[in-house]
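# Structural description and commentary
So you can see what is in the structure, the chains are spelled out below.
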Amino acid sequence: MSEVTIALAGNPNTGKTTMFNNLTGARQHVGNWPGVTVEKKWGGLKHQGYDINVVDLPGVYSLTAYSPDEVIARRFVVEERPDMVVDIVDAANLERNLYLAVQFLELGAKLIIALNMTDVAASRNHRIDAEKLSQRLGVPVVRTVANRNQGTKELLDCIVNLGQSVNDADFRIDYGKEIEREIKNLQEIIQKSLLSLNYSPRWLAIKLLEEDDEVTRIVQGKG
Amino acid sequence: MSPEDILHSKDEALARLRASFGEDLDTVFAGRRYGFISDALREVLVKPKKEKVTWTERIDRVVLNRFLGIPIFLALMWIIFQFVTPAMGGASMFTIAGYFMDWIDEGFGWLGGQVGVGGWGGALLTDGIIGGVGSVIIFIPSIFILFFFISLLEDSGYMARVAFVMDRALRRVGLHGRSAVPMLLGFGCNIPAIMATRTIESKRDRMTTILVNPFMSCGARLPIYLMLVPTFFAAYQGTVIFGLYVIGVLVAVGAAWLLRSTLFRGPPAPFVMELPPYRLPRFTEALVHMWERGKWFLVRAGTLIFAVVILIWALDYTGALESIGRAIDVLFSPCGFGQWQPAVGLITAVLAKEAVVGTFGAIFAGAEEVGGLGFIINFELGWDSLTAFSFMLFTLLMVPCVASLGVIQRETNSWRWMLFALGFTLGVAWIGSTLVFQIGSLFI
């Protein structure tokens, strides 16, 4: 019997809560994230002989350090190391929603994209090639309609499949020559000075250049 | 290599990047990410050339318009205040509040007639409780009507738009839309409004939003306005009250600018907000929301206001009230109301704003038979419209009540900031009222 822990992520109003209920049914627990008054929900289910634990992350648009919700989401992914992140994406607002997905990939997370509300997207005549999206981002993409409980089984199959594979993805965004030079430079200095860190050096370098308060504190703390 | 080396190299790198990309590096990084996404979506997503325009988008084009947004909000609020005030002289479409007031008035009048005891017990019942508590309760329907309309605006999705529109204005003073929500909540009660600032992550933004919130005119101020406008601004009741609300917002925004450029300097945090689609608000739902917000004023009338009024009546009965008032009334002479009755009223206002009305009600017992409290204040204290306006302005700007001071203390976790809020609002109130009265006196 194997166990898989997934973090359920997504923008607010993408049907994330509905998806959480579809996945976990009545087996839900509610508590608080440590140290903050943000609600934490988790639950579990069995699928294909796997025990799947689902942790519901706060709904966020981004992974900056500006709001406690965003810090909770990225801290959980890095420090608790769930086996994968399932990002619920509003298919009708694909561009904006992928901003979060891209940031999970930069963070080095193993990701599944649940292309949700595909019915709404279809009613607006948005045609989405899920397979091509999967190729371009290098992650599995599953079509779902959470409020009609469609695609839930496919998503669970995908979770089990990915759970067995190794994370060999090396996702990176090209920030352009000038910025890349500074990232590389900082990355090397970080690698030389910090022996063990949960966060990838490239990600730390990018976040330092974005003047992320929390990452600055993390780096200081390693003195 | 130490952490300091890393941070040092980071600062050097930032300096180099700023030289080529400008100050706003955040947007450069975000831009590259969006660039990557739109690149990846080129063969993935096909959208119709012309998107179907939804009703929400159509309404938003008007409501969120750069120039129309704020005027539309102001117009809506103006209309709402016409409903809140009892119309003078005959029927009007805005007389809802008037009906309720008449019923309550008759009810208390009948109650007063039933009191058969004489002596001090009878005086306590008729003058203190019926005169004092009754004068507050009579204005509670107006509070409910205001809250009903605010609930309609919220349930329809419009209030989120107001926050969005205010975001643009607040940005100029260094705040953003996340501060707009607590400010709008302040129209109901400053206490939940101040607690709502917990969603603001930046300490500077949060402190500023907390400290300016008392300037937002809460529901408890409404009875004071309603006590005075029928007599002193008969033809423009709703407009004058609307004006006071607008002044409250303007003072809050001005104070935010002042705090943000002195005590809490720094750039505002970025802010994303999603606008929900519009929906038709449900009547019963709005009634429930109205009740949840408004019931505290009923509870308070029976508890805190009740106790304050009895105390005031007892002090008045023994003559002590006048001496207390006279000890401080000179402070308010520059504001135009250096008399012991309003001075005592302002002391009770610190306990609860609507207690001002209860205090006047207990002091001028039986006012309802001779044309209402406003009329008696005009007759006995010799106030004119300018004095009345100056007094309303003072009660608007002075610190809301002890309960909200307690919340400020708890949320800032500091007695010093609480005392600052007390001193700051009292100072602004005194200066504001003095300016209005002194400058106004030159013209009248």
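Further remarks concern the overall build of chain B. Looking only at helices and strands, chain B has 22 helices and one strand in total. Residues counted as buried form 45% of the 444 residues belonging to chain B. Taking the contacts inside chain B whose residues are at least 6 apart along the sequence as the reference set, 73% of them involve residues at least 24 apart.

This brings us to the overall build of chain A. Secondary structure assignment for chain A yields nine helices and eight strands. Among the 223 residues that make up chain A, the fraction classed as buried is 40%. For chain A, restricting intrachain contacts to residue pairs at least 6 apart in sequence, the fraction spanning at least 24 positions comes to 64%.

Attention shifts here to the interface of chain B and chain A. How big an interface is tends to be reported as the loss of accessible area on association of its parts. Contacts between the two partners involve 37 residues from chain B, matched on the other side by 41 residues from chain A. Sorting the residues of the side of chain B that touches chain A by element identifies α1 (3-21), α2 (25-41) and β1 (45-46) of chain B as the ones contributing at least two each. Here the side of chain B that touches chain A is composed, by residue class, of 21 nonpolar, four polar and twelve charged. Alignment of strand β7 (residues 127-128) of chain A against β1 of chain B, held across two bridges, turns out to be antiparallel. Bridge pairing in β1 of chain B places Ile-128 of chain A opposite Leu-45 of chain B.

All right, on to helix α2 (residues 68-80) of chain A then. All names here are of chain A. In this model, α2 (13 residues) spans 17 Å end to end at C-alpha, consistent with the 18 Å of a helix rising 1.5 Å per residue. Listing the buried residues of α2 in full gives Asp-69, Glu-70, Val-71, Ala-73, Arg-74 and Val-77. The inward-facing, buried residues of α2 abut β1 (2-10), β5 (84-90), α3 (94-106) and α9 (213-221). Looking one or two places after α2, you find Arg-81, whose phi comes out positive at around 45°.

Residues and elements named next belong to chain A. Strand order across the open sheet formed by seven strands is β2-β3-β4-β1-β5-β6-β8, with mixed pairing between neighbours. Of all the strands in the sheet, just β2 (28-32) and β8 (141-143) have a single pairing partner and so form its edges. Strand-to-strand twist across the sheet, computed as the mean angle between neighbouring axes with direction ignored, equals 25°. The pairing of strand β3 (residues 39-47) with strand β4 (residues 50-56) spans seven bridges and is antiparallel. Within β4, the position partnered with Lys-46 by the bridge is Asp-51. In the packing of helix α1 (residues 16-24) onto the sheet, contacts are made with β1, β2, β3, β4, β5 and β6 (111-116), and the angle to β3 comes to roughly 40°.

What follows deals with the nonpolar core. Tyr-225, Ile-241, Ala-252, Met-392 and Leu-397 of chain B are the most contacted members of the largest nonpolar core, which totals 123 residues. Broken down by element, the residue count for this core peaks at twelve residues, all from helix α13 (residues 237-261) of chain B. Among residues more than four places away in sequence, those in contact with Leu-397 of chain B are Phe-215, Val-251, Thr-425, Val-428, Ala-429 and Gly-432 of chain B. Ile-6, Ile-52, Ala-73 and Ile-128 of chain A belong to the second largest nonpolar core, which has 48 residues in total.

Let's shift gears to the pairing of β1 of chain A. Residue and element names in this part refer to chain A. Across seven bridges, the pairing between β1 and β4 is parallel. Bridge pairing links Glu-3 to Asp-51 in β4. In the sheet, β1 pairs with β5 via five bridges, with the strands oriented parallel. Following the sheet pairing, Gly-10 is matched in β5 by Ile-88.

Our next topic: the pairing of β3 of chain A. Relative to β3 of chain A, β2 of chain A is paired through five bridges, and the arrangement is antiparallel. Looking at β3 of chain A, one finds that Asn-32 of chain A is bridged to Glu-39 of chain A.

This brings us to helix α7 (residues 140-155) of chain B. The terminal C-alpha atoms of α7 of chain B lie 22 Å apart, and with 16 residues this matches the ideal 22 Å at 1.5 Å per residue to within 8%. Of the residues trailing α7 of chain B, Gly-157 of chain B is marked for its positive phi of about 95°.

The next thing to look at is the environment of Ile-189 of chain A. Residue and element names in this part refer to chain A. Note that Ile-189 resides in helix α7 (residues 177-193). We classify Ile-189 as partly exposed; it has 19 C-beta atoms within 10 Å. For the pair Ile-189 and Pro-201, spaced twelve residues apart in the sequence, the C-alpha separation amounts to 9.2 Å.

All names here are of chain B. With 92% of its residues at a pLDDT of at least 70, chain B reaches an overall mean of 83. Considering only residues more than four positions removed or in separate chains, one finds that residues 88-93, a stretch of pLDDT under 50, has three contacts. Per the prediction output, this complex has pTM 0.68; the corresponding ipTM is 0.92.

Residues and elements named next belong to chain A. Within the element layout of this structure, Ile-113 appears in strand β6. Separated by 42 residues in the primary sequence, Ile-113 and Leu-155 place their C-alpha atoms 9.2 Å from one another. Discounting chain neighbours no more than four positions away, the residues touching Ile-113 are Asp-87, Val-89, Ala-101, Val-139 and Val-141.

The next thing to look at is the packing of helix α14 (residues 283-302) of chain B against helix α15 (residues 304-317) of chain B. When two helices pack together, their arrangement is given by the angle between their axes and by how far apart the axes lie. Residues and elements named next belong to chain B. The geometry of α14 relative to α15 is characterised by a closest axis approach of 3 Å and an angle of 30° between their N-to-C directions. Contacts from Arg-300, Ala-301 and Gly-302 in α14 reach Leu-304, Ile-305 and Phe-306 in α15. Counted by class, the contact of α14 with α15 contains four nonpolar, one polar and one charged residues.

Bringing the packing of helix α12 (residues 222-232) of chain B against helix α19 (residues 373-380) of chain B into the picture now. All names here are of chain B. Where α12 contacts α19, the two axes come as close as 7 Å, and the packing angle between them is 65°. Considering their axes alone, α12 and α19 lie roughly perpendicular with respect to each other. The way α12 lies across α19 gives a crossing that is right-handed. Here Met-227, Leu-228, Pro-230, Thr-231 and Phe-232 of α12 lie close against α19, whose contacting residues are Leu-373, Gly-374, Phe-375 and Asn-378. Tallied by class, residues from the contact of α12 with α19 come to six nonpolar, three polar and no charged.

What counts and how
Starting afresh in each chain, residues are numbered from 1 along the sequence in its written order. Following the order in which they are written, the chains are lettered starting with A and the ligands numbered starting with 1. Local features are withheld for residues below a pLDDT of 70 in this predicted model, meaning they are given only at 70 or higher, and side-chain atom pairs are given and counted only at 80 or more; totals for whole chains, interfaces and linings count all residues. Under the DSSP-based scheme used, a helix requires at least four consecutive residues in state H or I and a strand at least two consecutive residues in state E, with every element numbered from the N terminus. Once C-beta atoms are placed from the backbone, each residue is buried if 20 or more other C-beta atoms lie within 10 Å of its own, exposed if 12 or fewer, and partly exposed for counts between those two. The contact rule is simple: place each C-beta atom from the backbone, and if two of them lie within 7 Å, those residues are in contact. Nonpolar residues are Ala, Val, Leu, Ile, Met, Phe, Trp, Tyr, Cys and Pro. Charged residues are Asp, Glu, Lys and Arg, and all others, Gly as well, are polar. Strand pairing is assigned whenever DSSP identifies at least 2 bridges connecting the two strands. Helix span, as expected, comes to 1.5 Å for every residue beyond the first. Axis definition: a line fit to C-alpha positions, over the contact stretch in the case of helices; interaxial angles, taken between N-to-C directions, run 0 to 180 degrees. In this usage, the nonpolar core is the set of buried Ala, Val, Leu, Ile, Met, Phe, Trp, Tyr and Cys residues whose C-beta atoms join them within 7 Å. Every residue is assigned a pLDDT by the predictor, reflecting its confidence on a scale from 0 to 100. Roughly parallel here means an angle under 35 degrees, roughly antiparallel means over 145, roughly perpendicular means 65 to 115, and every remaining angle is called oblique. Crossing handedness is defined as follows: a turn of the near helix away from the far one that is anticlockwise and smaller than a right angle gives a left-handed crossing, while the clockwise case is right-handed.

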